[in-house]
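What follows is the residue order along each chain.
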Amino acid sequence: MRDLRTMQANGIALTVAIPNVPIREKWGKGVEFMLSCIAYSVGFGNIWKFPYTALENGGGAFLIPYLVVLFLIGRPIYYLEMVMGQFCSRGCVKIYDMAPIMRGVGVGQSLAMFVVMTYYTPVLAITLYYLVSSFSSELPWSKCDPSWSRCIDSKDREFHNTNGSQSLHMNVSAELFFTKTVMHRAPLAQGLGMPDMNLTLCLLASWLVVAVILIKGIRSTGKCAYFLAIFPYVIILILFIHACTLEGASKGILFFLTPDWSKLFDPRVWMEAVTQCFFSLSICFGGIIAYSSFNNFSNNVYRDAMIISWLDTFTSIIVGCIVFGVLGNLAHVTHKEDIQDVVRHGPGLTFMAYPDAIAKFEFFPQLFSVLFFLMLFIVGIGSNLGVVTSIITSIRDRCPTLENWKVASLVSVVGFSLSTIYMAPGGLDLLDVFDNYGAKYVTLTLALFELITFGWIYGVDRICRDIKFMLNIETGKFWRICWGILTPLVVAVILVGCMVQHQPVAVPKEYNLVGWCVYLLAVIQLPLWAIYAIGTQKKTGLLNKVRNAFKPTKSWGPENYHTRESYNLYMEKVRASSDAADESNVVKIVYRRIFK
């Protein structure tokens, strides 16, 4: 359909046909966008993943690389994605109207988000299981079940290492509760197994919460963001104060905050810092682009990006202090000198170490257990909303006539069906496979191509002009250097380093092969969509088709028709006033692309 509008040109009335595209839904208020981004970015990446990643990389030794990477990579990409999403009001696939030949980047990111969606909600379901269990008269993981052998009660505050080497093979009841009662853990070599019914019901409840919020659209998400973004900080403050008062907490917090300078020369620590930065801020997944695409065109996205990125950093440090304070207390009551000997690494830091520590609390352990898992559940909901919204946005950008509730319902049903596999005895091992190949590697690979597309194909110079037109803000040299040189260079080095130092996940070979297939499925979208973009160009001749596929489409620009017309006039004036380009000197080309 087309909308007929009358316009004046040289005193003559002209009727112009304007494509009648459904107007994109907007946030109710600007603050709802910021709170939704906080709820999305400040989530599992900070509370579930950050503490055990820090523990695996030496505590304070990890903190400095993480902060450096956050400053040079995290914040520039976060601001860039917000700017571009708001400028064009498109999701992570449609945004590549700026360079159709690179549309495969957005499709690949959507596939990565789909993989993340399938395993984020199961973690949410496990959290809900613990939250419900916390209301028991006695925490169910505080005492050993008679069927568990070589078990120590987690509520025992004074376990002394008096049994020599035999005590090294003992397990606390919180760990056995997680592995035997909750997950029924079994090696993936024995097969995936059947999903646990109790966990599946928790998974269903989690998906229902997500679906109900999303069915009503982005305004519903914005209204829920007031609670999802603010209330967790109330709980974090309570837990932080309590953690600081525990015996031995200072030792754990000092371990977290004191850097081991020799670790700064370990490439693995820097690689982990980069991947954690991506998960912590949720960048290069498409969620930030999707959320900002629902903004009003003139929203001060620079302010929002700075507030959210600094708040994300602050939250990671505070949560790290809480977890390491509790680990310090755990080391104190179990008479262990090394914080890293207190608990196994990985997700167990959340679902084994913290319940074990809470069981040792002298007063009101149920209260603190409810607070902790309620906080984890709420931030998990916020993270899941951003992940699923990105997928819904990609689908509706492609098929704008589809109603939101239909797409949200379909995605939720498919997501729930696939998520049940992680509720099986071998589910967590499978989660490690998809997290490693389908999220970590895919995200780093496509992040590099995203930065190349934004910074070099579209151009840092044009991005800065878009910002000037949209926000009337001059972009400083720091952002230009990061977007054009520093950030893509660091991401490329880290990606190569990850591939060179790759170690298969400790599961049967066929599962690693499945992981690589998921990676290839996402990455192969690059050449497939490039071929499609070239083939659909109206120009004649292969070379002309290729050149045109690198250029923005005619519809590229602001969503509003009149704003887009003003933008096109603005760009024509910029081109008319600029000097002729000197293509003979590479240095001049690079300088013009970044600083002009």
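Enquirer: Describe helix α17 (residues 509-523), naming the residues involved and giving the relevant values.
Expert: Its 15 residues place the ends of α17 21 Å apart at the C-alpha level, agreeing with the 21 Å of an ideal helix rising 1.5 Å per residue. The complete set of buried residues in α17 reads Y511, N512, G515, Y519, A522 and V523. Relative to the axis of α17, the buried residues are bounded by an arc of 125° and lie together on one face. Opposite the buried face of α17, at more than 90 degrees from it, the exposed residues are K509, L513 and L520. Of the surrounding elements, those touching the buried residues of α17 are α4 (103-133), α15 (427-471), α16 (477-500) and α18 (525-535).

Enquirer: Explain the state of the cysteines to me, using residue names and the numbers behind them.
Expert: Applying the stated criterion to the full structure yields one disulfide. Linked covalently through their sulfurs, C144 and C151 form a disulfide whose S-S length is 2.0 Å. Sign of the S-S torsion, about -85° for the bond between C144 and C151, identifies this disulfide as left-handed. A relative accessible area of 23% means that C144 is categorised as partly exposed. Here C92 stays free of any disulfide, with the sulfur of C284 as its closest cysteine sulfur at 11 Å. C321 takes part in no disulfide bond, and the closest cysteine sulfur, belonging to C244, lies 6.9 Å away.

Enquirer: Can you lay out helix α1 (residues 30-41) for me, pointing to particular residues and giving the numbers?
Expert: Because an α-helix packs 3.6 residues into every turn, residues spaced three or four apart end up facing the same way. If you check α1, its first and last C-alpha atoms are 17 Å apart, about what 12 residues at 1.5 Å a residue would give, namely 16 Å. If you check which residues of α1 are buried, you get E32, F33, M34, L35, S36, C37, I38, A39, Y40 and S41.

Cut-off values and rules
Per-chain numbering applies: the sequence of each chain, read as written, is numbered from 1 onward. In keeping with the predicted nature of the model, local features appear solely for residues at pLDDT of at least 70, side-chain atom pairs appear and are counted solely at 80 or more, and the whole-chain, interface and lining totals rest on all residues. To get the side-chain values, all heavy atoms of the structure are used, and hydrogens and water are removed first. Working definition: helices are DSSP H or I runs of at least four residues, strands are E runs of at least two. Numbering for both runs from the N terminus. Helix span, as expected, comes to 1.5 Å for every residue beyond the first. Type-normalised accessible area, obtained with a 1.4 Å probe on protein chains alone, sets the label of each residue: buried when under 20%, exposed when over 50%, and partly exposed for intermediate values. Comment: arc refers to directions from the helix axis out to C-beta atoms. Note on contacts: a residue pair qualifies if any of its non-hydrogen atoms lie within 4.5 Å across the two residues. The disulfide definition used here is simple: a pair of cysteine sulfur atoms within 2.5 Å.

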